[in-house]
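# Survey of secondary and tertiary structure
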Amino acid sequence: MKRIILAGLIGMVLTGCGDESSEKKVTEEMLVGGWECTATTQEADWKNGLFQDYSTPVNQGKSLIVYIKENDALFVKLPDSDRKIKLDFKKLNDEYSNTFDDTKITGYNKLEYISDDEFKMTTETSQMFTDSEYNKKNKTLMHCTRMN
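In what follows, the accompanying structure is described. Remember, it's a predicted structure, so these values are computed and weren't measured experimentally.

### Details of the packing of aromatic side chains
Under the counting rule described, the total for this entry stands at 2 aromatic pairs. Both rings, one in Trp 35 and one in Phe 119, keep their centres 4.8 Å apart while their planes meet at 80 degrees; by these two values the pair is edge-to-face. Taken together, the residues span a long stretch of sequence, with Trp 35 in strand 1 (residues 33-44) and Phe 119 in strand 9 (residues 118-129) at a distance of 84 residues. Taken individually, Trp 35 and Phe 119 each receive the classification buried, so the pair is uniform in this respect. Between Trp 46 and Phe 51 the ring centres are 4.8 Å apart and the planes differ by 80 degrees, which places this aromatic pair in the edge-to-face class. Phe 51 gets classed as partly exposed once you look at its relative accessible area, which sits at 22%. Its end group placed over the ring of Phe 75, Lys 84 keeps NZ or CZ at 5.3 Å from the ring centre.

### What about the environment of Asp 45?
Structurally, Asp 45 is set in the loop between strand 1 and strand 2 (46-47). When the C-alpha positions of Asp 45 and Lys 136 are compared, they lie 5.9 Å apart, and in sequence the two are 91 residues distant. Contacts of Asp 45, omitting those with residues within four sequence positions, involve Leu 50, Phe 51 and Gln 52.

What counts and what doesn't
- Residues numbered from 1 in each chain as written.
- Predicted model: local features only at pLDDT ≥ 70, side-chain atom pairs only at ≥ 80, totals over all residues.
- Heavy atoms only, no water.
- Phe/Tyr/Trp six-rings, centres within 6.5 Å; stacked < 30°, edge-to-face > 60°.
- Helix = DSSP H or I, 4+ residues; strand = E, 2+ residues; numbered from the N terminus.
- Buried < 20%, exposed > 50% of the residue type's maximum accessible area, 1.4 Å probe, protein only.
- Lys NZ or Arg CZ within 6 Å of the ring centre and 35° of its normal.
- Contact = heavy atoms within 4.5 Å.

What follows is the structure, encoded as structure tokens:
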């Protein structure tokens, strides 16, 4: 048994524990095309000066989303609309923080590669108001698969 563990450790040393440069990631090129996405949302209430646990996920149904690349710019076309919205790809996998009057909004977007034909996007947003009674936190998980 000790020999098996030792052999495994030697193998990890020789090959490395993991090569992040070969790790697959969602890219702009991968996104281009049509996707069928399901979404769930969750909310966390503010109570006694803290956000509580998230609620049970609520299914928001399916949507068909199309990503388009034109003139080196990425756009998304939402269902039932001819309008294209320009996206900053870097912000699809980033944290953000903004303050407007009496409201501070913080959160993040995270893209997760599953395969060349599947990805997940998690978005979490907290809104903190001067009057903390109205503070809220939302989390959305989109699971998308490529349409053929």
